[in-house]
Amino acid sequence: MTAYKNIPTPCYVMEEEKLRRNLSLIQSVAKRAEVEIILAFKAFALWKSFGIFREYISHTTASSLYEARLAFEEFGSPAHTYSPAYTDQDFPTIMACSSHITFNSFSQYQHFYPQVQEYNAAHPEKMISCGVRVNPEYSEVEVELYNPCAPGTRFGVIFEQLPEQLPAGIEGFHCHCHCESSSYELERSLQHIEARFGKWFKQIKWLNLGGGHLMTRKDYDTEHLINLLKGIHERYPHLRVILEPGSAFAWQTGPLLANVVDVVENHGIRTAILNVSFTCHMPDCLEMPYQPVVRGAKTLDAEVIKTAKPEDHIYRLGGNSCLSGDYMGCWQFDHELQIGEMLILEDMIHYTTVKTNMFNGISHPSIGILHTDGEFELYRQYQYEDYRNRMC
């Protein structure tokens, strides 16, 4: 708490020491397994911190025009780009900002690949490698909102749709079927991927196993992961293997700081209203859903709050938007919460910082980094003009 006392709230605070710990582990896995691990902007895109990232990794992955530009202009290297649907308006710039382009369907490939051929002919020093996303129709992700292999999904080509001979220019397969998953889920996924698509591996140069590999989580078996990846090399020595996790890079690297602005009670349920919003600033908590850890508080089952007594110090936490469902609960504290008190909501850097919105005219929290020497650097503080400019 002392390290945060002079930081204005609300604020996302990324801690450099914890970030470097994750980056060192990821770099070690990549070197030992002889694979490339790249940063997925869909989970983390704080470009002012890219100088730190470049000490450990060389490339990033993009899923849109703006992410591709961010990779090329701010990270300093062309992106590995995949999008469910490219547009004629965006594609020329995407080519200029990408080293790899993955198509979601063969109709997208047929429409855009001639442009890639023309681009490569004009830029032999910067050839774009193309691939197609394949769908193994297998995933252990339980929340359908996050399951890229759910029946009827719009993502990727299933094996019945692949011709015996891949079209000209398809040099890689991209496959994504994980979300905060373990190496053992990857092992089972690989069995399905190889069973369905292995016969085409001799026709491709690279295999991108997508994201969702949460290798920086404490209980993740990194040795098992490394052995799995080495096994791919042994079976397919010509394949370049790529992983593009997002959460793993910024996992447990810092909190969202908030203050209690009021405490209200309704039918015995006490809610501490904060100067942050779940729907605006922590949307994954409502979407996934999951209840974040609050430093110094005990996380309880939500039903407990219905029978809580005042002396139990049990509260819901409520956001400051007018959405009825902008709350979560419940947590037990060792004291009665006071107006103005700081609460520290743990692990709020990955995904949260890229998914914030200004619904209800509520400002984004500030964003900054706590350096290893204890100095806090404010990356950005948002103003009314940021909201106004988004509305026109």
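The structure under discussion appears in the preceding block.
Residues numbered from 1 in each chain as written. Predicted model: local features only at pLDDT ≥ 70, side-chain atom pairs only at ≥ 80, totals over all residues. Heavy atoms only, no water.

Undergrad: Would you take a moment to explain helix H6 (residues 183-197) for this structure?
TA: Side chains of residues three or four places apart in an α-helix project in the same direction, reflecting 3.6 residues per turn. With 15 residues, H6 should cover 21 Å at 1.5 Å per step; its first-to-last C-alpha distance of 20 Å lies within 8% of that length. Inspection of H6 places Ser183, Glu185, Leu186, Ser189, Leu190, Ile193 and Phe197 among the buried residues, and these make up the whole buried set. Projected down its long axis, H6 carries its buried residues within an arc of 140 degrees, all on one side. Looking at H6, the residues exposed on the side facing more than 90 degrees away from the buried face are Gln191 and Ala195. Lining the buried residues of H6 we find strand S8 (170-174) and helix H7 (222-235). (Helix = DSSP H or I, 4+ residues; strand = E, 2+ residues; numbered from the N terminus. Expected span 1.5 Å × (residues − 1). Buried < 20%, exposed > 50% of the residue type's maximum accessible area, 1.4 Å probe, protein only. Arc of directions from axis to C-beta. Contact = heavy atoms within 4.5 Å.)

Undergrad: Please clarify how the side chain of asparagine 120 should be interpreted in this entry.
TA: Along the chain, asparagine 120 falls in helix H5 (residues 106-122). What asparagine 120 contacts, discounting residues up to four positions off in sequence, is Lys126, Met127 and Ile128.

Undergrad: Help me understand the packing of aromatic side chains in this model?
TA: For any pair of aromatic rings, the description rests on two quantities: the centre-to-centre distance and the angle between the ring planes. This model, assessed by the stated rule, comprises 18 aromatic pairs. Seen from their ring centres, phenylalanine 50 and phenylalanine 53 are 6.4 Å apart, and the 80 degrees between their planes marks the pair as edge-to-face. Of this pair, phenylalanine 50 and phenylalanine 53 both sit in helix H2 (residues 50-53), 3 residues apart, which is roughly one turn of that helix. In terms of burial, phenylalanine 50 and phenylalanine 53 fall into one category: buried. With centroids separated by 5.9 Å and ring planes inclined at 75 degrees, the aromatic side chains of tyrosine 315 and phenylalanine 333 adopt a geometry described as edge-to-face. Of this pair, tyrosine 315 sits in strand S14 (residues 314-318) while phenylalanine 333 sits in the loop between strand S15 (327-332) and strand S16 (342-345), and the two are 18 residues apart along the sequence. The residues tyrosine 315 and phenylalanine 333 share a single accessibility class, namely buried. Over the ring of phenylalanine 75 we find arginine 54, and its NZ or CZ is 5.9 Å from the ring centre. When the ring centre of tryptophan 200 is taken as origin, the NZ or CZ atom of lysine 199, which lies over that ring, is 4.7 Å away. (Phe/Tyr/Trp six-rings, centres within 6.5 Å; stacked < 30°, edge-to-face > 60°. Lys NZ or Arg CZ within 6 Å of the ring centre and 35° of its normal.)

Undergrad: Just checking my understanding: could you explain the side chain of glutamate 16 for this structure?
TA: With respect to the element layout, glutamate 16 can be found in helix H1 (residues 16-33). Glutamate 16 sits in the buried class, given a relative accessible area of 9%. At a separation of 3.4 Å, a polar atom in the side chain of glutamate 16 contacts the main-chain amide nitrogen of threonine 372. Those residues in contact with glutamate 16 that sit more than four places away from it in its chain are Ile52, Ile369, Leu370, His371 and Thr372. (Polar contact = N/O pair within 3.5 Å; in protein donor to acceptor, adjacent residues only side chain to side chain.)

Undergrad: I'm lost on the environment of aspartate 347 in this one. Help?
TA: Counting through the fold element by element, aspartate 347 comes out in the loop between S16 and helix H11 (352-355). Under the relative-accessibility criterion, aspartate 347 is labelled buried at 12%. It is 27 Å that separates the C-alpha atoms of aspartate 347 and glycine 76, two residues lying 271 residues apart in sequence. Ignoring any residue separated from it by four or fewer positions in sequence, one finds aspartate 347 in contact with Ala250, Trp251, Gln252, Thr253, Gly254 and Pro255.

Undergrad: Got a minute to help me understand the packing of H6 against H7 in this structure?
TA: Packed helices, taken two at a time, are described by the angle between their axes plus the distance between the axes. Two numbers describe how H6 lies on H7: the axes approach to 9 Å, and their chain directions differ by 20 degrees. When the interaxial angle is binned, H6 and H7 end up roughly parallel. Considering only the axes of H6 and H7, their crossing is left-handed. Contact residues: H6 offers Ser183, Tyr184, Leu186, Glu187, Leu190 and Glu194, while H7 offers His224, Leu225, Leu228, Ile232 and Arg235. By residue class, the composition of the contact of H6 with H7 is 6 nonpolar, 2 polar and 3 charged. (Axes fitted to C-alpha atoms, helices over the stretch in contact; angles between N-to-C directions. Parallel < 35°, antiparallel > 145°, perpendicular 65-115°, else oblique. Left-handed = near helix turned anticlockwise from the far one by under 90°. Nonpolar A, V, L, I, M, F, W, Y, C, P; charged D, E, K, R; others polar.)

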